[in-house]
Amino acid sequence: MAALGLRGRGPLLVPRGAWRCLSSGADGEERVSRVLREKFPRASAIRVVDISGGCGAMYEIHIESEEFREKRTVQQHQMVNQALSEEIKSMHGLRIFTSVPKP
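Residues numbered from 1 in each chain as written. Predicted model: local features only at pLDDT ≥ 70, side-chain atom pairs only at ≥ 80, totals over all residues. Heavy atoms only, no water.

1. Things to note about the confidence of the model for the chain
- Mean pLDDT for the chain: 83, with 76% of residues reaching 70 or above.
- Mean pLDDT across the elements of the chain bottoms out in helix 1 (residues 25-39) (91) and peaks in helix 2 (residues 73-83) (97).
- For residues 1-6, every residue scores under 50 in pLDDT, and the model assigns this stretch nine contacts once sequence neighbours within four places are set aside.
- For residues 12-20, every residue scores under 50 in pLDDT, and the model assigns this stretch eight contacts once sequence neighbours within four places are set aside. (pLDDT = per-residue confidence, 0-100. Helix = DSSP H or I, 4+ residues; strand = E, 2+ residues; numbered from the N terminus. Contact = heavy atoms within 4.5 Å.)

Following this line, the structure appears as structure tokens:
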């Protein structure tokens, strides 16, 4: 039986991709953090924040890692995008901030 919409007037139509907003942002933050820790084992700091209001569609990522040393910013961001290639498929947006630990 189809779910009824408002006032029982027919099926409730949900826009494509809207279901992903029903997941917990904290779960998404943990999942993205876990992937980044696996892909950047030398990272001294990783912070992932759901900036989509808790629906998990947009994240802000801060990574400090030796692996970024002597790489241009665009190369560092490409590394992060590659590491999150599967997760990015279900995201609306991503803000990336990368840095190298100070000596």
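2. Some thoughts on the nonpolar core
- Of all hydrophobic cores here, the largest spans 14 residues; its most connected members are Val32, Leu36, Phe40, Ile61, Ile63, Val80 and Leu84.
- For isoleucine 61, the residues in contact, after removing those within four places along its chain, are Val32, Leu36, Arg47, Val48, Leu84, Leu94, Arg95, Ile96 and Phe97. (Core = buried A, V, L, I, M, F, W, Y, C linked by side-chain atoms within 4.5 Å. Buried < 20%, exposed > 50% of the residue type's maximum accessible area, 1.4 Å probe, protein only.)

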